[in-house]
Amino acid sequence: ELSLHGATAATHERTTGRPGSFAETMSAVELLQAEGVALVLKAPLTSINECELDDLVALAERRGIRLRVDPTLKPNDTGNRAPLSFPMPGWTLCVD
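Attention in this report is confined to the structure presented alongside it.

Calculation criteria
Here the residue numbering is sequential within each chain, running from 1 through the sequence in written order. pLDDT decides what is reported in this predicted model: residues at 70 or higher carry local features, side-chain atom pairs at 80 or more are listed and counted, and totals for whole chains, interfaces and linings draw on all residues regardless. Side-chain calculation: all heavy atoms of the structure are included, whereas hydrogens and water are not. Put simply, a salt bridge is a Lys or Arg side-chain nitrogen that is within 4 Å of an Asp or Glu carboxyl oxygen. Only protein chains enter the accessibility calculation, which uses a 1.4 Å probe; a residue is then buried when its area is under 20% of its type maximum, exposed when over 50%, and partly exposed in between. Note on geometry: axes are lines fitted to C-alpha atoms, helical ones only across the stretch in contact, with angles between N-to-C directions running from 0 to 180 degrees. By the criteria applied, helices consist of DSSP H or I runs no shorter than four residues and strands consist of E runs no shorter than two, each listed in order from the N terminus. By definition in this entry, angles of less than 35 degrees are roughly parallel, angles greater than 145 are roughly antiparallel, angles of 65 to 115 are roughly perpendicular, and the rest are oblique. We call two residues in contact whenever any of their non-hydrogen atoms come within 4.5 Å of each other. Nonpolar residues are Ala, Val, Leu, Ile, Met, Phe, Trp, Tyr, Cys and Pro. Charged residues are Asp, Glu, Lys and Arg, and all others, Gly as well, are polar. By this rule, a helix spans an expected 1.5 Å times one less than how many residues it contains. As used here, the arc is the angular range of directions from the helix axis to the C-beta atoms.

### A closer look at the pattern of salt bridges
1) Next: For the structure shown, the criterion picks out 5 salt bridges.
2) Next: D70 serves as the salt-bridge partner of R68, at 3.6 Å between the closest nitrogen and oxygen.
3) Next: Of the residues examined, R68 reaches a relative accessible area of 30% and is grouped as partly exposed.
4) Next: By relative accessible area, which is 11% here, D70 ends up buried.

### Re the packing of helix α1 (residues 9–16) against helix α2 (residues 21–34)
1) Next: With their axes 8 Å apart at the nearest point, α1 and α2 run at an angle of 105 degrees to one another. As summarised for this structure, α1 and α2 are arranged roughly perpendicular, according to the angle between their axes. Where α1 abuts α2, its residues A9, H12, E13 and T16 lie against S21, F22, A23 and T25.
2) Next: Each residue belonging to the contact of α1 with α2 can be placed in one class, and the counts come to 3 nonpolar, 4 polar and 1 charged.

### Structural notes on α2
1) Next: Under the 1.5 Å per step criterion, the end-to-end length of α2 is 20 Å for 14 residues, consistent within 8% with the ideal 20 Å.
2) Next: All of the buried residues along α2 are S21, F22, T25, M26 and V29. Viewed along the axis of α2, the buried residues span an arc of 140 degrees, placing them on a single side of the element. In α2, the exposed positions angled more than 90 degrees off the buried face are occupied by L31 and A34.
3) Next: Those residues of α2 that are buried lie in contact with β1 (2–3), α1, β2 (40–44) and α3 (53–63).
4) Next: Downstream of α2 by a residue or two, G36 has a phi angle that is positive, lying close to 80 degrees.

Written out as structure tokens, the structure is:
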């Protein structure tokens, strides 16, 4: 299971606070798929990626990977609490 915080580098990296983390995650996806590892992409649903939900689904489908959208926010693996800053509001209008 790999966390993907957005369908674009800008959104993913805004959440992780790590430049290049989107490319690193997608590289890991490619390497693991090449080794035949069954993957699940976990997308914590936040106020900054909610309008990319359709794009996250499409990204996972293009790669043949199951996507699990998770409304629960937790600190990242290093204990950084920054992801907790992006909770989902009640309703948001996503406009192209």
